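Below are the chains, spelled out letter by letter.
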Amino acid sequence: MKKFFIISIVLVIVIWVLGVLYILFENNNSTYARLYSYANKHSEMKISDITNFEWDSAYIDHQHYGNGEYIKQKYNLECNLKTLETDYSFRILFFKNDKMIKEEKFNYEQLYFEGDFDKFDNNTIFSVSFEKDIEKENPTLVLALK
């Protein structure tokens, strides 16, 4: 019985450590982390310079709690999307040859696109700025069409 208890405790600790390492790795390797790091060193950028996958067009879905129907109908996109979870979340849908290859979710406290657009391509240049808020640890990354 004592041996089973010790093995259970060790197993729980190993799973917890692996979970923490996974979360740290995912956060440091995320598109947002790469965007933020690149933006800290540049005044303008192409998102395609920091993504680790190839794409030719991207669509911004701002429909809170939505399943992407508006953006899918507007641009005749074929993809399956889950509902966005919060008022503060949005997603970028990356496509290559009219096929969705990646969905990246963000929140407006992390990243904000300035201007009235919801589509861009891999050659689009954005100007970079940051919006500071004393209540947030990191300033919001603001990208505007150049």
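Details of the structure are given in the entry above.
Quantities reported herein were computed from a predicted structural model and do not represent experimental measurements.

1. Side note on a negative patch on the surface
No. 1: A cluster of acidic side chains, namely E109, E114, E131, D133 and E135, defines a negative patch on the protein surface.
No. 2: Following the sequence through the fold, E131 ends up in strand β7 (residues 126–131).

2. Considerations on the pattern of salt bridges
No. 1: One pass over the structure, following the stated rule, counts eight salt bridges.
No. 2: Notably, a salt bridge pairs K102 with E104, separated by 3.5 Å at the nearest N-O pair.
No. 3: The class for K102 is partly exposed, based on a relative accessible area of 31%.
No. 4: Among the charged side chains, a salt-bridge network with shared partners connects D61, R91 and E103.

3. Description of unusual backbone geometry
Glycine aside, the phi torsion of most residues is negative, and most peptide linkages are trans.
No. 1: Not every positive phi belongs to a glycine, and N97 is a case in point at roughly 50°.
No. 2: Accessibility expressed as a relative area gives 61% for N97, which makes it exposed.
No. 3: In this structure, D98 takes a positive phi of about 65° despite not being glycine.
No. 4: Turning to its location among the elements, D98 is positioned in the loop between β3 (89–96) and β4 (99–107).

Calculation rules
- Residues numbered from 1 in each chain as written.
- Predicted model: local features only at pLDDT ≥ 70, side-chain atom pairs only at ≥ 80, totals over all residues.
- Heavy atoms only, no water.
- Patch = residues over 30% accessible without salt bridge, like charges linked within 9 Å, V, L, I, M, F, W, Y side chains within 5 Å.
- Areas by Shrake-Rupley, 256 points an atom, 1.4 Å probe, with all protein chains shown as cover.
- Salt bridge = Lys/Arg side-chain N within 4 Å of Asp/Glu carboxyl O.
- Lys, Arg positive; Asp, Glu negative; His and termini not counted.
- Charge placed at Lys NZ, Arg CZ, Asp CG, Glu CD.
- Helix = DSSP H or I, 4+ residues; strand = E, 2+ residues; numbered from the N terminus.
- Buried < 20%, exposed > 50% of the residue type's maximum accessible area, 1.4 Å probe, protein only.

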